[in-house]
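Close look at the chain arrangement
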Amino acid sequence: MSVAEVVVDVPTMQTNRPFEYAIPNSLEDVVVPGMRVEVFFGRGKRKVQGFVMKINETSSFSGKLKPINRVIDLRPVLTPEMLKLSSWLADETYSFEISCLQTMLPSVMRAKYKQFIEPVEEFVDDQEVISLLDGNPSLEITPQMSDEKLQLINHLRRQNKIKIEYVVENQARQLKRQAITTELNTIQLHEQKNNLRSNAKAQFKLINFLIDNLDKLPIEMGEVEGISRATIKTAEKNGLLKIVEVTKRRKPIEITPEQTTKLNLTEEQKSAVDQINDSIDNSKSDTFLIEGVTGSGKTEVYLQSIERALKQGHSALMLVPEISLTPQMVNRVTGRFGDKVAVLHSGLSNGERYDEWTRIENGEAQVVVGARSAVFAPLKDIGLIIIDEEHEASYKQDDNPRYHARNVALWRAKQHKCPVVLGSATPSLESRARAQKGVYHLIYMKKRVNEHPLPHVQIIDMRDAENSAVKGDISPLLQDNLYRAIKRGEQAIVLLNRRGYSSFMMCRECGFTLKCPNCDVSLTYHKDLAKMKCHYCGHDEPVPSICPNCKSKKIGFYGTGTQNIEHQLNEILPQARVLRMDVDTTHKKGSHAKIIKAFGDHKADILLGTQMIAKGLDFPNVTLVGVINADTTLSIADYRASERTFQLLTQVSGRAGRADKEGHVIIQTFNPDHYAIKDASKQDYENFYKQEMYLRHQSNYTPYYFTTLISVAHKDEGQALKQGYWLKRQLQEALSDHAILLGPTPTMISRKQNKYYYQVIVKYKHEPKLHQKLLDILNDTQADTKKGFTIAIDNEPQHID
DNA sequence: AGCACGCCGACT
DNA sequence: GTCGGCGTGCTC
């Protein structure tokens, strides 16, 4: 009798390992690794879902094995590759294996548990039982139930009058629709048509419809126009056609495929494609980093490489930051590869996501375009993985499992022996440094395809009284340029940099920001303490009322909302049509794409928005880009602040002058001499890279050091802090003198969900004991979880806040 | 997580 | 005596 190793859906440290279950004879040839099964787990009659990881001939368990209850899937939902990946991922991200297995599948395949109360047979007629069940044979236990009711349930259960039935539900369901099809061929249909009675007009029409659409069958009933259901029924009775059930694919986001023919490549593009294709042809898992300026034609390189992979019989995976942000990219891929493309992104409903997943799983789609989680797409025989805008922080998931899609992609590439292509105009420092060391192959694309010059960038020093408008945030120069662009019938994009908004202090007189004396990051305002605090080392100081640098009283929290700017624009340029895009206006599904389309159709003159307008949008009529406040990202308390600012400014500048009109960019800032702003204005990534690497080296940050952030939380602040110190002591024991330990410090939103959060940061180069120590710490803290402690470990955090 | 077991104080 | 509350330990 064979035995299955099953990882059960009980996400705790103690159950984070496979449990053995006997495979009953009836399921002997059915159960295979990668399948989901239902098993009894624990003392009671609790049923849970589990994943079969492995099948053995013998058991190593000394006790009596329980049998597998039933299988949830007829075929395995995870391939051996994915099972292996989940183990690696669990280890890498310090997460439960079950969480990793579940994140690889569409959410509808996550088990839903229900509990029902049923009377024990002898007590079916018991008065208390009858009143509890209200005369029904069973009652579902819901979280909304009143405490009294739950108490009564407990009471009756202790008396053994009722029992609890567990139901494990699979939510995955495909939409079924009725469709018509026929087994007759054209000739037979023509014969049938001739045999019709002359007054059978509707039947005549129907047969014609069938003849015309023979190659498209089966066709859904709803799509047959002008023919009634009764007509179809009659035809079915006469053997003309058959009614079948088809699984209807729910319609994913509105994609308007952009038909582009294969373009002729420039020298740079050709060289890039050749290098990538060589790896595809020879099944080498090389990693390429394409550092290409905006407009250098990276997309065409991607498309032609995908084409090569397909031609070689492989599939291809392409990751983009967040699809709803780059509809134009999706449109181009679907335009080139049509039905072969599956699209996965956060805008899909759970059902839609499941449908797309199914299309990939059964091989209908060989090209997958998607956001972060698409890296787990069940593609077979991958020939190429592309990560566009590889520097984007959204590739890292910020809750468990905290994986980075780039690392998962590299892992899968090794399994599939295929290349990975990372593309960006502003690569992350980590990737660029790896390319420097020769770990990645660096490909430069310095020329723009259309040979247009880069936009002319102007930096406005807002400390200068002439530039800072008397009222409001829009400098006279930007006002003037907006006016003239609109007058010429051109469009403009205005970016309001909102991240880090209002949590730091800046002097409007001299541009001074309050920084930590030890860590070289901005101090952040803590409302509950009414103090300025450093997130790295915990240093704090009082909130200043005058600028320590120039003694001006104009120091304050910095930040304006998009609505405010919209107001100002309306006042200054009453004739301009302003379209605002921010979290408020894009809340509804699809509204994002609508705004983009409206702007593309020139239904507005100015597109005003936050970060989200900076990415991947391509509007030929935009000639002017204005950045209201370039500094906010610079001042957030994160060592990546300069990198983020540089990336944002470079990207948004690239939005100006994409077609044959020259572009103009105006950047308003209080820090005109900062290298991130200066280099962005020149689109000089390489210089920025050198500068930033130097500073990272000086202050021991990524990529010179690895960082791991561990945070603990508790309802009681004292307890949380105590745990923080305990954590630090534990780490100190295990680490060498070379490692740097910071904290414990409170986090900015130190009281989400009524809990206090403290974090410890480890910076290190080589600490072989760290991994195991963290696992031990996790284990110890998990045991305390009932006492209200929670812990989170984030390897290479994207932001520290 | 969720369940049973077991120890302990409180109460019909 | 026994009911119910809570701490502890285990789940193939």
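Where an unreviewed UniProt entry is consulted, chain A appears under the name Replication restart protein PriA, with the organism given as Companilactobacillus allii. According to UniProt, the comment filed for chain A under the heading Function (unreviewed entry) is "Initiates the restart of stalled replication forks, which reloads the replicative helicase on sites other than the origin of replication. Recognizes and binds to abandoned replication forks and remodels them to uncover a helicase loading site. Promotes assembly of the primosome at these replication forks."

**Things to note about the sheet that holds strand β7 (residues 139–141)**
One open sheet holds the three strands; their spatial order is β7-β6-β8, and the pairing between them is antiparallel. Each having just a single partner strand, β7 and β8 (162–169) make up the two edges of the open sheet. Averaged over all pairs of adjacent strands, the angle between their axes in this sheet comes to 35°, without regard to strand direction. Where strand β6 (residues 112–119) meets β7, three bridges bridge the pair, whose relative direction is antiparallel. Residue pairing for β7: I117 is matched across the bridge by L139. Lying over the sheet, helix α4 (residues 147–158) contacts β6, β7 and β8, oriented at roughly 115° with respect to β8.

**Focus on the pattern of salt bridges**
Under the counting rule described, the total for this entry stands at 31 salt bridges. Residue D605 is joined to R577 by a salt bridge in which the shortest nitrogen-to-oxygen separation is 3.1 Å. Pair noted here: D605 is in the loop between α16 (591–600) and β27 (606–609) and R577 is in the loop between α15 (562–572) and β26 (578–581), with a separation of 28 residues, a long-range link.

**Some remarks on the sheet that holds β26**
Spatially, six strands are ordered β19-β29-β28-β20-β27-β26 in an open sheet, and the strand pairing comes out parallel. Both outer strands of the open sheet, β19 (456–461) and β26, are each paired with one neighbouring strand and no more. With direction set aside, neighbouring strand axes in the sheet form an average angle of 15°. Bridge count for β26 against β27 is four bridges, and the pairing is parallel. Along β27, the bridge assignment pairs V578 with I606.

**A closer look at the UniProt feature "binding site: Zn(2+) 2" (unreviewed entry) in chain A**
Listed under "binding site: Zn(2+) 2" (unreviewed entry) in the UniProt record, and renumbered for this structure, are C516, C519, C534 and C537. By the secondary structure assignment, C534 is in the loop between β23 (531–533) and β24 (540–542). Exposure remark for C534: the relative accessible area of 1% places this residue in the buried category. Tracing the sequence through the fold places C537 in the loop between β23 and β24.

Scoring rules and cut-offs
- Residues numbered from 1 in each chain as written.
- Chains lettered and ligands numbered in written order.
- Predicted model: local features only at pLDDT ≥ 70, side-chain atom pairs only at ≥ 80, totals over all residues.
- Heavy atoms only, no water.
- UniProt positions renumbered as here; feature names shortened; annotations may be inferred.
- Pairing = 2+ DSSP bridges.
- Helix = DSSP H or I, 4+ residues; strand = E, 2+ residues; numbered from the N terminus.
- Axes fitted to C-alpha atoms, helices over the stretch in contact; angles between N-to-C directions.
- Contact = heavy atoms within 4.5 Å.
- Salt bridge = Lys/Arg side-chain N within 4 Å of Asp/Glu carboxyl O.
- Buried < 20%, exposed > 50% of the residue type's maximum accessible area, 1.4 Å probe, protein only.

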